[in-house]
Amino acid sequence: MTELQAAPRGKPLNLPRLETRARYRDALTAIVAFVVLASLPLFFDSKALLDFVIRCSAFGLFATSLNLLVGYTGMISFGHGMFFGLGAYSFGLIMQKTGVPIPVAFIATLVLSAVAAAVIGAICVRLKEIYFAFVTLAFQMLIHSTILSWVSLTGGDQGLRGGIPRPVFLGIDLGNQVHLYVASCALLVIGLLLMRQIAQSPFGYTLRMIRDNAARASFVGIDVWRAKLTIFVLAALFASTGGVIMSLFVSGAYPEFAYWTISGEGIFINMLGGVTTFLGPMLGTVLFLILNDTVTRFTEYHGIVLGIVILFFAIGLRKGLMDFAIEWYAARRGRGEQA
Amino acid sequence: MTRTRKPGISRRSSLALMGAGLATLAAPWAARAQAKAIKVGMPTILSGRVAQLGTSSRNAVLLEVERVNATGGLAGRPIEMVIRDSKGQPQEAARVARELVNTDGCELLIDAEASSGAFAVHEVARDLGVLCIHTNSETSSLTADPKQRIPNAFRTARQGVHDSIVGGSYAASIAKAKGLKKWATCSPDYAYGRDTTGEFVLYLKRFAPDVEIISESWPKLFQPDYTEVVTKVLQARPQALYTCLWGGDLTSYIDQANIYALFGQMEVFAVNMADYTALTVVKNLPKGIHSGNRYIKTYPSTPENAAWGDAYKAKYGEYPTNWSWENATAIMLLAEASKKANSADGKKIAEAMRGLTIKSPFGTDGTVTMRADDQTLVGYAIGWGTTIPQEPYVPEVKPGDWKTIFELEAEWKKSNGYS
């Protein structure tokens, strides 16, 4: 069976039973994670910690959604950052121009991102490997250039100025840092849970099969194009949610959010954390932001430090940290069983 | 088999590493306990293509802080600068600014960011209510647009529209005297380039209505090869050329245009030429390029200004930049405002700073003023002159007239719906 081949670590799977149990486990983990995160402000009086987790939410959603493409489907997108930027700009513009309540603007942003992703994806997902990577990059630069040149709408390279209004809804005031923090945590946890469901669903296994052998998937009767397009659009939605969180954090949107460097950071995070586990990119995000924040505190030559770190992961470990940890753990347990 | 030591870091050495890490993190707290220093945070760009913006800003700030601290600091509290790199990314600028205030305990912010980063820090200042002085963003709307305005944010940089008014009137007087009717423009393709060129042309035509723009080129920012735009300008055969290219772009442009002997064929107005970043880097600086002053130690031609430029050069081995004087002014203003308020409290300093006039080496008449109604700097040295190939590079600068600037600025604000 193909599902067996595609299963992690090659262990046989009893799908239906495992699925329901795993689903409960995932939901429970999510609830516990949210409760722990949401109660942090009660114990720690550090605004920097809250800022850190808010940024983790934005980049974590972005990087994990990129991993749905890179790790699960084998589609190396170099342009995923465009949806991060699109999310930030759509949300910011809707809030500035229309003054609708925040949830409405959020939903509208998701709809806009989905439409954009469907159009761009329809063109890109037919292509393979390097061609896919480059065409996504091209679309990213197209969106970036549009943001730069459409000055009357986007403010050009100065970005969306004047702050994003954050009217209170349902008693939630996103202008308040703690409220924004809890909302970001909620979005992060819900986003991760949804992505986990996608990854563990039959559709998720279809994606792994496409990654491993697209021709075979197609012979089995899977519409590869449609499956790829679906995951491209879904991933875009989560990336765009990350963009919304970032725009709320900085109270603006800037062309840099849609620049290729954001996509590059996404890839970098995935390399740090590892692409073969679901939480790898999330760990990568935490690692990346800690590295970034501490290194820039001490030196302006952070590029060289980050470069050495990535070389260490790419050449030294040959995998991301999460992959390494899991393999190390498995090897240790294996040794224990032998003894 | 006996257990051998596993490869990699041992538990003991990891503990030692963690301990060392903690000690490094704790060091700032130990330092803080010794003196009641007032921490001033400064996000800026210290890496990448425009790292010179950050380094020359930092140099100037540190030079001035040394002086202020020697005379008692801010109301008796010595200034301690905490300067961090934002890499020119607005989200990093916002993050760094928040961290400086929330974690490092900075009570004041010097925002030495460029363009979009400045707006990001502006939002942080709005959010946290901390006193913030923008020192590098010359985008007019940052202070001119009432929607942007907050009581705790000030600007000690030039303002785009001031430059355009002075440039336009100077260029028009030369155009009339020499009969320059056909003009070309060549400016970098981004907001600064487009806006500045547009405003310059607006005021040029206002003072010299029969001027005609016959060619426009928009090279990309940081473009390495200008052959195409140089030949385009030459083919159009204009009598004068305006450009707001700056820094490395301007010097590459001049070096490449020299090959085509462009400067002999037309009058060139390069607003950003008279800055040491460009003057000292160009291989063969042509004679007679018209330029606005950015920073030059011979204008204003006062002993104070020359002394300031020399002191900077003595300390850092290079001349200051336009960014340097803008940042130095921020510290000078802080010091004077704090003296006036007799306090180091941000709110009281802000109150004292509104409308404050201080003695300054960079003022047209030896003073600069923080205008009260839009909290931006006025009265700074602004003028145009022509280049010569060696020091002092721009021997004579024709000063702009602040009365005209104020009149036209008010008109410009009205036409943009800013007042």
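What you see is a predicted model; the values in this text were computed from it and never measured. (Residues numbered from 1 in each chain as written. Chains lettered and ligands numbered in written order. Predicted model: local features only at pLDDT ≥ 70, side-chain atom pairs only at ≥ 80, totals over all residues.)

A. Representation of the overall build of chain B in the model. Regarding its fold elements, chain B presents 14 helices and 16 strands. At 24 Å, chain B has a C-alpha radius of gyration in line with the 22 Å of a compact globule built from 419 residues. Taken over the C-alpha atoms alone, chain B extends approximately 90 × 65 × 40 Å along its principal axes. A total of 419 residues make up chain B; the buried ones form 52% of that total. Taking all contacts inside chain B whose residues are at least 6 apart in sequence as the whole, residues at least 24 apart take part in 66%. (Helix = DSSP H or I, 4+ residues; strand = E, 2+ residues; numbered from the N terminus. Rg over C-alpha atoms; globule rule 2.2 N^0.38 Å. Buried ≥ 20, exposed ≤ 12 C-beta atoms within 10 Å, placed from the backbone. Contact = placed C-beta atoms within 7 Å.)

B. Geometry of the overall build of chain A. For chain A, the helix and strand inventory stands at 15 helices and 0 strands. Its C-alpha radius of gyration of 20 Å places chain A within 12% of the 20 Å reference for a compact globule of 339 residues. Counted over contacts in chain A with a minimum sequence separation of 6, partners at least 24 positions apart contribute 78%.

C. Quick peek at the environment of K339 of chain B. Residues and elements named next belong to chain B. With respect to the helices and strands, K339 occurs in helix 12 (residues 322-341). According to the C-beta neighbour criterion, K339 is partly exposed, with 17 such atoms within 10 Å. As for K339 and M273, which are separated by 66 residues in sequence, their C-alpha atoms are 37 Å apart.

D. Representation of the sheet that holds strand 14 (residues 377-378) of chain B. Residues and elements named next belong to chain B. Reading across the sheet, the 3 strands line up as 12-13-14 and stay open at both edges, with antiparallel pairing between neighbours. Two strands lie at the open edges of the sheet, namely strand 12 (357-359) and strand 14, each paired on one side alone. The pairing of strand 13 (residues 367-370) with strand 14 spans 2 bridges and is antiparallel. Residue T369 lies in a different strand from strand 14, and its bridge partner there is V378. (Pairing = 2+ DSSP bridges.)

E. Representation of the domain arrangement of chain B within the structure. Residue and element names in this part refer to chain B. Annotation of chain B at the domain level lists domain 1 (33-137 + 301-380) and domain 2 (161-299 + 381-413). Centre-to-centre separation of domain 1 and domain 2, based on C-alpha positions: 29 Å. In this assembly, 19 residues from domain 1 lie in contact with 16 residues from domain 2. Going through the elements one at a time, helix 11 (303-316) and helix 12 are the ones with two or more residues in the side of domain 1 that touches domain 2. (Domains from an automatic or database assignment.)

F. Expanded view of the sheet that holds strand 4 (residues 131-134) of chain B. All names here are of chain B. Strand order in the open sheet formed by 5 strands is 2-1-3-4-5, with parallel pairing between adjacent strands. The sheet is open, and its two borders are formed by strand 2 (79-85) and strand 5 (153-155), each paired with just one other strand. Across the sheet, the axes of successive neighbouring strands diverge by a mean angle of 20 degrees, strand direction being ignored. (Axes fitted to C-alpha atoms, helices over the stretch in contact; angles between N-to-C directions.)

G. Fine view of the interface of chain B and chain A. Residue-level contacts link 25 residues of chain B with 23 residues of chain A. Of all the secondary-structure elements, those providing two or more residues to the side of chain B that touches chain A are strand 2, helix 3 (90-102) and helix 4 (115-128) of chain B. Residue composition of the side of chain B that touches chain A, grouped by class: 7 nonpolar, 9 polar and 9 charged. (Nonpolar A, V, L, I, M, F, W, Y, C, P; charged D, E, K, R; others polar.)

H. Quick peek at the nonpolar core. Judged by nonpolar contacts, the single largest core of 199 residues is most densely connected at A235 of chain A together with A97, L109 and V121 of chain B. Broken down by element, this core gets its largest block of residues, 15 residues, from helix 11 (residues 224-250) of chain A. Each of domain 1 (33-137 + 301-380) and domain 2 (161-299 + 381-413) of chain B gives at least three residues to this core. The contacts of A235 of chain A, once residues within four sequence positions are left out, are S65, L66, L68 and L69 of chain A. (Core = buried A, V, L, I, M, F, W, Y, C linked by C-beta atoms within 7 Å.)

I. Quick look at the packing of helix 2 (residues 51-70) of chain B against helix 12 of chain B. Residues and elements named next belong to chain B. One can describe the packing of helix 2 onto helix 12 by two numbers: an axis separation of 8 Å at closest approach and a directional angle of 30 degrees. Viewed along their axes, helix 2 and helix 12 adopt a mutual orientation that is roughly parallel. You can see that helix 2 and helix 12 cross each other, and the crossing is right-handed. Residues L53, S56, S57, N59, A60, V61, L63, E64, V65 and V68 of helix 2 form the contact with helix 12, whose own contacting residues are W323, S324, W325, N327, A328, I331, M332 and A335. (Parallel < 35°, antiparallel > 145°, perpendicular 65-115°, else oblique. Left-handed = near helix turned anticlockwise from the far one by under 90°.)

J. Here's a closer look at the confidence of the model for chain A. Across chain A, pLDDT averages 85, with 93% of residues at or above 70. A low-confidence stretch, residues 1-8 of chain A stays under pLDDT 50, and its non-local contacts, those more than four residues away or across chains, total 13 contacts. (pLDDT = per-residue confidence, 0-100.)

K. Quick look at the pairing of strand 15 (residues 383-386) of chain B. All names here are of chain B. Burial along strand 15 is two-sided: the face carrying G383 and G385 and the face carrying W384 and T386 are both buried. The pairing of strand 11 (residues 290-295) with strand 15 spans 3 bridges and is antiparallel. Bridging across to strand 15, S291 finds its partner in G385. Relative to strand 16 (residues 397-399), strand 15 is paired through 3 bridges, and the arrangement is antiparallel. Bridging from a neighbouring strand, W384 pairs with K398 of strand 16.

L. A look at helix 14 (residues 302-317) of chain A. Compared with an ideal rise of 1.5 Å per residue, which puts 16 residues at 22 Å, helix 14 of chain A spans 21 Å between its outermost C-alpha atoms and is within 8% of the ideal. Just downstream of helix 14 of chain A, R318 of chain A is the residue with a positive phi angle, here 60 degrees. (Expected span 1.5 Å × (residues − 1).)

M. Region of the structure containing the environment of S140 of chain B. All names here are of chain B. Relative to the helices and strands, S140 is located in the loop between strand 4 and helix 5 (141-144). Overall, S140 belongs to the buried group, with 26 C-beta atoms counted inside 10 Å. A sequence separation of 253 residues divides S140 from Y393, and the C-alpha atoms of the two residues are 29 Å apart. Contact partners of S140, with chain neighbours within four places excluded, come to Q159, G160 and V161.

N. Summary view of unusual backbone geometry. Of note, the bond from Y299 of chain B into P300 of chain B is cis; its omega dihedral lies within 30 degrees of zero at 0 degrees. Among the secondary structure elements, P300 of chain B is positioned in the loop between strand 11 and helix 11. For the peptide bond that leads from E391 of chain B to P392 of chain B, omega is 5 degrees, which places it in the cis range. Along the chain, P392 of chain B turns up in the loop between strand 15 and strand 16. Located in the positive-phi region is E129 of chain A, a residue other than glycine, with phi close to 45 degrees. Position of E129 of chain A relative to the elements: it lies in helix 6 (residues 129-149). In this structure, K87 of chain B is a non-glycine residue whose phi angle is positive, near 60 degrees. Tracing the chain through its elements places K87 of chain B in the loop between strand 2 and helix 3.

O. Spotlight on the confidence of the model for chain B. Residues and elements named next belong to chain B. Model confidence for chain B is summarised by a mean pLDDT of 87, while 92% of its residues fall at 70 or above. By mean pLDDT, helix 1 (residues 11-34) is the weakest element of chain B at 50, and strand 4 is the strongest at 95. Confidence drops under pLDDT 50 across residues 1-6; counting only partners more than four residues distant or on other chains, this segment forms 0 contacts. Contacts from residues 23-34, a stretch scored under 50 in pLDDT, to residues over four places away or in other chains number 0 contacts. Two numbers describe this predicted complex: its pTM, 0.81, and its ipTM, 0.77.

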